[in-house]
Every structure is written in C-alpha cells, then in structure tokens.
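Commentary on secondary and tertiary structure
Next come the chains, spelled out residue by residue.
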Amino acid sequence: MCGEYNSLSCYSLFLMEYTVMSRFNQLNLIVLLCFFVSGAAGLIYQICWIRSAALIFGSTTFALSTVLAVFFAGMAAGSYLSGHFSKHTAKPLLWYAVIETVLAVYALSTPYLFDFVNYSYHMVFEIMQFQPNLGIALRLVLVLFVLFIPALLLGATLPLFCRQMVTSNHRIASEIGVLYTVNTFGAAVGCVLAGFVLIPKIGVSDSIAVGAMLNITVALIAWYIASNGLLNTSALTKSVTDAIDKQPSTNKSHQSLNLMTVLFFFSGLVAIGNEILWTRFLGLLIRNTIYTYTITLSVVLVGIALGSLVAVRIFDKYPHIKIFGYFQITSALLNMAFMLSPAEYWLRLGTGLIPFITLMLIPAFISGLCFPLMMRLVTSDAQLSSASVGSMTAYNILGGVLGSLLVGFWVLPHLGLQIGVLLLSMIGVICGCFALIKDGIEKETGFSFQWTVISIALVGWFALLMLGSRLPDDYLGPQNLLVDYQEGYGSLLSVHWQGETKILQSDRLWQGADVKNHQVMAAHVPMILHTDPKQVLVVGLGVGQTASRFLMYDINHLDIVDIEPALFPFVKRNFDTDWMDDQRVNLLAEDGRLYVNHTSNQYDVISIEVGQVFRPGTDVFYTLEFYQQTRQRLNDDGLIVQFVPLAFFGKQQLRSVLATFQAVFPESILWYNTQEMLLIGSVESPIKIKPHRLALLQSNDTIKADLQYSYWGGQKHWLNQRKIFLAGYMAGSRDIEQISGAAPVYIDNHPVLAYAASESDLLDRSERQLTELLAENLSSVAEVYDGDLSDDMLTMIEHQRDNNINNLLAETYLADGVAAESTTDSQQILGIINKALAFNPENFMANRMKATLFMRLKQPKKAVTWFRKALELNPDNVIARRGLALAYLQSGHAYDALIHAKKVFNNRPNDAIVLRTIGLALAASNRIKEAVPYLQKSVEIDPDNSIAVNALHLARKFVATNLH
C-alpha cells in the first residue's frame, strides 16, 4: 500500500509539475508573441514617420539624416534608461504594458504633432535661409519634439523583456538571443507589412493606427498576465537586491567593460555605415524606387534575426571575445570582397531580390550573431542582463548614428564610395583585431595564434585591394564614353557621350543633354501663355535647358531649386552655363517640395522639372497638398507648368493626376511636348493665348532663333511658326475633366502613385493607350486663342496636331526597335521601324534607324536612300551624315563618300570612323598618298580596327613601291 501510495503521490506531483510547466511555457510563448508584435508595430511606425517627416523637412540627405539620427538617439536613450530602471523592478511585464499603451496613444497623436511642426517650421523657414546653422538647430528641436519620446519608448522594451525572461546564469546568451530574434523577426514583418501592404492600401495615418492597435493589444495581454501573477515573479522579487549588491563581483572588470563598449560602439558604426554604402552601391545596379528602402531594411532585419537565432545554441557554451573578433574581421572582409567584385559579376545577378540578398544577408547575419555573444560577454548574472542589454544596445545604436552621419555627410560626398568601402572595412578589421588582442592578453599561454589571425586579416585586406574594381567607374558604362562623375550627397552624378551628344545622368537615369530638346518648351510655352511674367521659379535643374530659356524673356528674377547640392557646380563644370552668371539667377540647394511649402516668395510662373515618377520623393509633386501649396506661391495671374511623363503612367494614374491637378487648378490645359506632356494651370482666369505674346515667336530674335527647333521633322515644323506652336494645344479644362472622369485624387497620406510608378514596366508601352485616350478628347485651339483664326489656319493646326499624336505612337515603336537591336532578327526590327514610319514618315530617328539597319544587312544602296531622307529632316546630324558617307563608300561612290565625310570631319576631326572613311574613299579614288595620313590617324585612335590597319599597310606599301 505504501509503495502504491508513494507511486501515486509521485505521479500526482509529476502531473502537477508538468501542468504548471506547460502553463508557463504557453505563457512564455504568448509573451514572446507580444514582443514579436511589438517589433512589427515599431517598424510600421518608423517607416510611416520617416515619410511624414520628409513632407515637412524635405527629402534631402541632411533632413533625412537628422530625422534618423534623432530617432535612433531616442532608441539609444530608451534602451539605456530602461536597462538601469528595469533592474530595480520586480514587474517588468507590467511596465512593458504601460510603455506599449503610452506608445500607442502617442503614435495616434503624431499626425497632429506633424501638422503642428509643419506650422512651426513654416514660421521659421525664412530665417533659416539666411542662418543655416540656426536652421539645423531649429529643425533638430522640432524633430526631437515629435520623434524622440516614441523612439525612447521603443528602445525601452528590450531591457524590460530581458528582466522578465532572462533568468538562468547558464543560458544568458540563448535567452537574450531568443528575445532579440523574436523582436527582430517581428520588425522585419512590420517592415514588409508597412512598405508592401499597409501604406499602399490604407495610407500612412491608418497604418499608424494599425500599429497603435497592435500596441494596445499586446499591452492588454501583458497587463493581464502580469497583474494576475500568471508568470512566476518571486525569483525576480527575491533577486533584485541581491543581484545589485553583488554586481561588482559578478560582472566584468571596469576596464574590460570599457573596451567591449568601444568595440560594440564601432561595430554599430560599421554596420549602419555599410547600410548607407549598400544603398548607394545598389543604385548602380537597380532602379531606386519607394520599395528599395523597405527591401533593404527587410533583408537586413531578416539576416540579423537569423544570426541571432543561430547564436541561441552556441554562445552560452563558448563565450569568447575572440569569436566576436573573428566575426568582425570576416564581416568586414566579406563586405569589402562583395563590393569590390568585378562589375560583370553583379550585373549578371539581375535586378530582383538577388542583389539585395547577396550583398546584405551575410553581413547582417554576422551582426545578429554578435549581439547575444556580446551580451554574454558583459554579464554573468541573468538578473543584471537588462542593464547590460540596455547599456550595450545604447552604445551600439549611438555608433550607428555616428556611422550614418559620417558616411552620409562626409565619406560619400567628399571621399567617394570606394574610399568609404575601404575605410569601413578597415575599421571593422581593426575592431576585430582589438578583440583578438584582448583575448590573447587574458590567456596565460600568450596570443601567438591571435597575432597569426591578425596578420592574415591585414594581408587579406590589402589583397582585396588588388581586385582592381573601381567604384563607381566600372558601373557607369564604357570608360571611353564617360566624361565626368561626382558622388553627391544624395545621388551619383555622371556625364556621358551618347553619339555626338553629351548627357547628364543622376543615379544612371537620364536628366538632360547638351543639345536642345523638348525640355526647352517647359519655359517657352508658359512664358508665351502668360501676359507679363516677371518672377519665375524652376524646381529641378537638369542641365538648365528649361531654366536658361526663361532668361530669354523680360523677367526680373529666376529662382532655381534642386535637391542635390553637388549638381550646380557639376553642371557648371560640364555644360554651357554662362546663363548661371546672370544677375537675375538665384541657385538654391533645397528640396523643391519643402521650398514651395515654406517660402514666402510669390511667382508668376512655377515650372516643375521632375519627371521620373518612380524615384523616391517624386510622387509628392503630384499630390493635392503640393498643388495647394503651389497655388499659394502664385500671383493672381500666375501659371504652374509640370511635366506629365506618359511612359510612367497607366490609364488610371494619368486620370488621377489630371483630376488632382484640376481639383486645385480648374482652369488648366494640356500641351503636347513629346511623351512628356505639359500640364499647365491658372490660379483664377481661363488660360488664353494673347496675339501679342504669340508674336514673340517672330519679333524677338533670341526666341525666334531658339525655336528653330522641331519635335520631329525638319525646318517646316520649326516651333517658331504660329501654326506649329499652336498645334501643341491638346485639351482644355472641359476635355481634361472628361479624360479624368471620376478618378480619385492623390493625397500625401496615401502615396498610391509612388507604388504604381514603381511597379510600372517601361516596356509595356502604356503610352500607346494614353495617346489614344488623349486623341479621343482633343479641344479646338480656337478655345484658347484670344483672337481670330481663319478656317484654313485651324485646319493646318489640327493637321499638325494629328501628326504630333501620330509621332507619339511612332516613338513607342521606335523604343521597341531599340530594345530589339541586340537580337539578330533584322526582319523583326525592320518591321517595327516600318510601323513607326507608317505613323510618321517624317520621324528623323525612324529614317536613320532604317538606314543603319540596311547597313547591317549589307545593303548600302538602300541605306543611302534612307540616310538622305534622314538628313533632309535634320541636316545637322553628324551621325546620319557619317552613315551616309560610309554607305556611299560601300556602294562604290567614293566621290560622294568623300564629300559627306569631309563635312563631318570639319566638326569631328578625331572621329576614327570618319578618318577611316576619308582614307578609304581617297584610296578608292587613286589618291593613295593623300589617304595615308587619314588612315594613320584612324589607326592611332582605334588600333583594333583591322580594316584601317590593313588599308594603311597596303597604302604605305603602294606609296613606298611607287617612290622607288
């Protein structure tokens, strides 16, 4: 009986213990789930707040860096204070519930706080224009006012959880690692939710509300568990005093802690600094969109979480600082090896997620490994882990803040990407080496092995220098076509030769050229439409095609605003910018949206020169709030003109852009300007073209000469003719309203356009559908012309306008032809070009492309015909004339080849193709002695061309034989 009783008692006790333990395990899982959700809410807030702050303080590197610096400084302060507070409390979970509740309430108030800050910033903006240092201080104060407290609350959660959940001295690293993993995975999920689901679907304010709802939910769960004593807190209560009393004996020495603090600080500096370098590097490979930041942050967070998850099973058994050193050295050298790998390697990876994962995942994984390890190294008492986590996290985050500011404000704009990679990798290697030295000093056997590893690390760093990759040079196209480049504060600027044209690129995207193009019309059209403009604002410099044209008119003042400070001197260095020295010009390095919002200046014409809508920060120039701000900056008779790039819009996006514009500027017109239409709005009265303003096309010699330019075709389509200019008018207010229909307007809070443009495929040729939509809703030019137009004149204008529309369609097929040029199916390309010519036989590029294709098909006689047609449309095009010379030569007409080649030679004396053509034409005309110097110079410029080399050899041999 006794035996049976004892057995039953043991079984009952076991069952009770099992039940209790199961209950605690379930509760622990629930608590961990709360921490997961808390991490998700934190990242939802971060992404929403950064976007909200950018609308007030601008999207400049300086403004965003200030916002991020304040945010992370707040997190560091919260982590530090919470770490030291939490070791004094026996109810950390209850305090966590309080923090989550306060955070939710504060988060819900942030949209209103941002409104207040916007008003305050507006009041001091003019002062900041003249006192930049004061401006930085004021902006810092305002950002602190909104973001420091919620960031502090976010930073306070991890130490509280460590106080609650880290209970075993033998499992400090694993328990901290579990918490860090769960919270970081939650952050990654929150990042993806915010960037891919919540903001595009419900907008910024409602996304913040979702985050607040998550905070309230976990606060209620945590409060219920803590207030009902469902988790055992007796051990916490008993150990508080004891743990603090024995702190000096259980923790590491003060000197050791100082060194590890420094190491963790610099590891944070390297980690965040590398994230900025990665962003700039990825800009060389992929199209930067609103998704880029989300993807970057998500990959980094997933990598950190995976590293921390692996660390859970390792570092309680192997808590050695040398492992931290190995990790730092490995991460630094891998990062250096990745970024200095040959450009061909990266370009083969494509443009999807693979470049992000390849570049970031392993360094982020190593960073995740280091966190639990460092926590284990700085404390051996679980009850003091919250203080250690709080302090070390704070130092790590502060290092990240310094790294962000250092790389963003100094390294990239002044030293460049390549030096930045070398500098941060060296700091990482040095950080790892110091950890190894410390480990060696602590060992009685010395540290010869550590010195061996240090030597290998340093040799490895210098060996990687021998990879020979050049950043960013190797990613900017053929070096013989690269004219110049400069790494700015927020973008990479470069100038390239494209045929005979010099073009400007920003982050490898076209921004302008040194030859006249459609951009000039963004100045001429509004200046002709306005009756007497004097004050002009241009947002976006490009190469100055638009801005410089405003100075051809009788204006008093021209303000030019651009977000990239390095652009102004860079453009001056590479393009004709004498116009910048005009006393009427004022250059401002500022965010254009910010300037329009806060300046008190009034203007007669505001020209918005932003086109690539998918680029981050560009969509805000197409929202209701921006148009309302612009209206406040315009005088009563003022005009706004803005590019509407059809290639980046679908039908719904175009309709919403027009609807949003008309919501503020009901008197508006749409003007033809190739695929970048001009949308022009008036503050009050309907837009009318006055005859005396239109007369400037002929009466003003400067304007007349500048408009000896056509969108397509030749001289008979020059825009200084009244009928050609008026043919640009496409639609008035009534027809624009018809096109837009009941489309929803775009607002700042719901950045639908940014996401739609980011997802657009430039190869789908949606502009064909948009062109057809516009063609169905054309207005008569008689509506806008304040005078009489004869029936014959109206007929000619409408005919020209139809041709303009047909040319839009032709251009889409030409783009298909260019995309197909890399294929070997010449008949397919010919079919595409013929489709373009069917829409517009006078399209210069279509004629030139067809001629070039016949040269590729070895049919030079047909090429001659089409090159001649191209030159009839554009007699000054040297590429077409050079092609005609070569076609004549190959078809046996050496005399004609010589005539056209020498015309090109007068403008391009160092063109190897022209020199070779002249030499071969002279040789074919039995003027071999004259041919030799041309062939010789051609070979000097292009020594790999076998035709020129062989011809030179034969010509010299012939000349030498005849001399003897």
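Heads up: the structure comes first, above all this text.
Residues numbered from 1 in each chain as written. Predicted model: local features only at pLDDT ≥ 70, side-chain atom pairs only at ≥ 80, totals over all residues. Heavy atoms only, no water.

Here's the deal with the overall build of the protein
Rules: In DSSP terms, a helix is any run of H or I states spanning at least four residues, a strand is any run of E spanning at least two, and both are numbered starting from the N terminus. Three exposure classes are used, based on accessible area relative to the maximum for each residue type with a 1.4 Å probe and protein chains only: buried under 20%, partly exposed in between, and exposed over 50%. Residue contacts follow a heavy-atom distance rule, with two residues in contact if any of their heavy atoms lie within 4.5 Å. Each accessible area is a Shrake-Rupley result for a 1.4 Å probe, and residues are judged covered by the shown protein chains and nothing else.
Looking only at helices and strands, one finds 39 helices and twelve strands in the protein. Reported as C-alpha extents along the three principal axes, the dimensions of the protein are approximately 120 × 80 × 60 Å. Here the protein, with 964 residues, has 58% of them falling under the buried criterion. Sequence-distant contacts, at least 24 apart, represent 76% of the contacts inside the protein between residues at least 6 apart. Total accessible area on the protein is roughly 40,200 Å²; 60% of this is exposed by carbon and sulfur atoms.

Focus on the sheet that holds strand β2 (residues 492-498)
Hydrogen bonds between backbone atoms are what pair the strands of a sheet, whose relative direction is either parallel or antiparallel. Applicable threshold: Pairing between strands is defined by DSSP: at least two bridges between the two strands are required. In this description, a line fitted to the C-alpha atoms serves as the axis of each element, helices being fitted only across the stretch in contact, and the angle between N-to-C directions of two axes falls anywhere from 0 to 180 degrees.
The strand order across the open sheet formed by four strands is β1-β2-β3-β4, and the pairing between neighbours is antiparallel. The two strands at the open ends of the sheet, each matched to only one other strand, are β1 (482-487) and β4 (509-513). Between one strand axis and the next, the sheet turns by 25° as a mean value, whatever way the strands run. Pairing of strand β3 (residues 501-506) with β4 involves four bridges; the strand directions are antiparallel. Looking across to β4, one finds that S506 is bridged to L509.

Let's talk about the pattern of salt bridges
Counted only if it meets this: Basic side-chain nitrogens of Lys or Arg form a salt bridge, by our definition, when they fall within 4 Å of a carboxyl oxygen of Asp or Glu.
Evaluation of the coordinates by the stated rule reveals 19 salt bridges. A salt bridge links D532 to K534; the shortest N-O distance between them is 3.6 Å. According to the relative accessible area criterion, D532 is partly exposed, its value standing at 44%. The partner of R768 in a salt bridge is D816, with the nearest N and O atoms 2.3 Å apart. Taken as a pair, R768 in helix α30 (residues 766-775) and D816 in helix α31 (residues 791-820) lie far apart in primary sequence, 48 residues in all. Connected through salt bridges with shared partners, the residues K516, R549 and D706 form a single ionic network.

Quick word on the sheet that holds strand β7 (residues 585-589)
If you trace the eight strands from one edge of the open sheet to the other, you get β7-β6-β5-β8-β9-β11-β10-β12, paired in mixed fashion. This sheet does not close on itself; its edge strands, each paired only once, are β7 and β12 (729-731). With direction set aside, neighbouring strand axes in the sheet form an average angle of 20°. Pairing of strand β8 (residues 603-608) with strand β9 (residues 634-645), which is carried by five bridges, proceeds in the parallel orientation. Following the sheet pairing, I606 is matched in β9 by I640. Relative to the sheet, helix α23 (residues 651-664) contacts β9, β10 (667-671) and β11 (676-682), its axis offset from that of β11 by approximately 20°.

Side note on the packing of aromatic side chains
Rules: In summary, the pairing rule links any two rings of Phe, Tyr or Trp, Trp by its six-membered ring, whose centres are within 6.5 Å, and it sorts them by plane angle into stacked for under 30 degrees, edge-to-face for over 60 and tilted for everything else.
Under the definition given, this model contains 31 aromatic pairs. Taken together, a centroid distance of 5.1 Å and an interplanar angle of 85° make the contact between F85 and W95 edge-to-face. Here F85 is found in helix α2 (residues 61-86), whereas its partner W95 is found in helix α3 (residues 92-130), with ten residues between them in sequence. Relative accessible area serves as the criterion here: at 40%, W95 is assigned to the partly exposed category. Where F264 meets F371, the ring centres are 6.0 Å apart and the plane angle is 45°; that geometry is what we call tilted. With F264 in helix α10 (residues 254-282) and F371 in helix α14 (residues 354-378), this pair connects stretches of sequence that are 107 residues apart.

Details of unusual backbone geometry
Cis peptide bonds are those with omega within 30 degrees of zero, and the linkage from L471 to P472 qualifies with 0°. For P472, the position within the fold is in the loop between α17 (448-464) and β1. Unusually for a residue other than glycine, R508 sits at a positive phi of about 65°. A positive phi angle, close to 65°, is found at N926, a residue other than glycine.

A word on the pairing of strand β6 (residues 557-562)
Counted only if it meets this: Clockwise travel from the first strand over the helix to the second, with the strands pointing away from the viewer, marks a crossover as right-handed.
Of all six residues that make up β6, five are buried, and the element is covered over most of its length. Pairing analysis gives five bridges linking strand β5 (residues 535-539) to β6, with the strands arranged parallel. The residue bridging V536 from the neighbouring strand is L558, located in β6. On the question of chirality, the crossover connecting β5 to the parallel β6 by way of helix α19 (residues 545-550) is right-handed. Inspection of the sheet shows β6 paired to β7 by five bridges, in the parallel sense. For D559, the partnering residue across the bridge sits in β7 and is N586. Remark: the β6/helix α20 (residues 567-574)/β7 crossover connection has right-handed handedness.

Considering the environment of F72
For F72, the location among the structural elements is in helix α2. Among the residues examined, F72 registers a relative accessible area of 25% and is labelled partly exposed. Sequence separation between F72 and F148 is 76 residues, and the spatial gap between their C-alpha atoms is 8.5 Å.

Focus on the packing of α30 against α31
Condition: By the definition adopted for this analysis, an angle is roughly parallel if under 35 degrees, roughly antiparallel if over 145, roughly perpendicular if from 65 to 115, and oblique otherwise. All residues other than Ala, Val, Leu, Ile, Met, Phe, Trp, Tyr, Cys, Pro, Asp, Glu, Lys and Arg, Gly among them, are scored as polar; the first ten of these are nonpolar and the last four charged.
Where α30 meets α31, the closest approach of the two axes is 10 Å, and the angle between their N-to-C directions is 175°. Here α30 lies roughly antiparallel to α31, going by the angle between them. Residues E767, R768, T771 and A775 of α30 pack against I805, L808, L809, T812, Y813 and D816 of α31. Residue composition of the contact of α30 with α31, by class: five nonpolar, two polar and three charged.

Some details on helix α36 (residues 894-907)
As a reminder of what qualifies: A helix is expected to span 1.5 Å for every residue after the first.
The end-to-end C-alpha distance of α36, which contains 14 residues, comes to 20 Å, matching closely the 20 Å that a straight helix rising 1.5 Å per residue would cover. Buried within α36 are the following residues: A894, A897, L898, H900, A901 and V904. In this structure, the buried residues of α36 make contact with α35 (878-890) and α37 (912-924).

Description of the packing of α31 against helix α32 (residues 826-839)
Two numbers describe a pair of packed helices, the interaxial angle and the distance between the axes. Quick reminder of the rule: With the far helix as reference, a near helix turned anticlockwise by less than a right angle produces a left-handed crossing, and one turned clockwise produces a right-handed crossing.
In contact at an axis separation of 8 Å, α31 and α32 are set at 170° when each is read in the N-to-C sense. Here α31 is positioned roughly antiparallel relative to α32, judged by the angle of their axes. The crossing of α31 and α32 is left-handed. From α31, N806, L809, A810, Y813, L814, D816, G817 and A820 reach across to α32, where they touch I829, I832, K835, A836 and F839.

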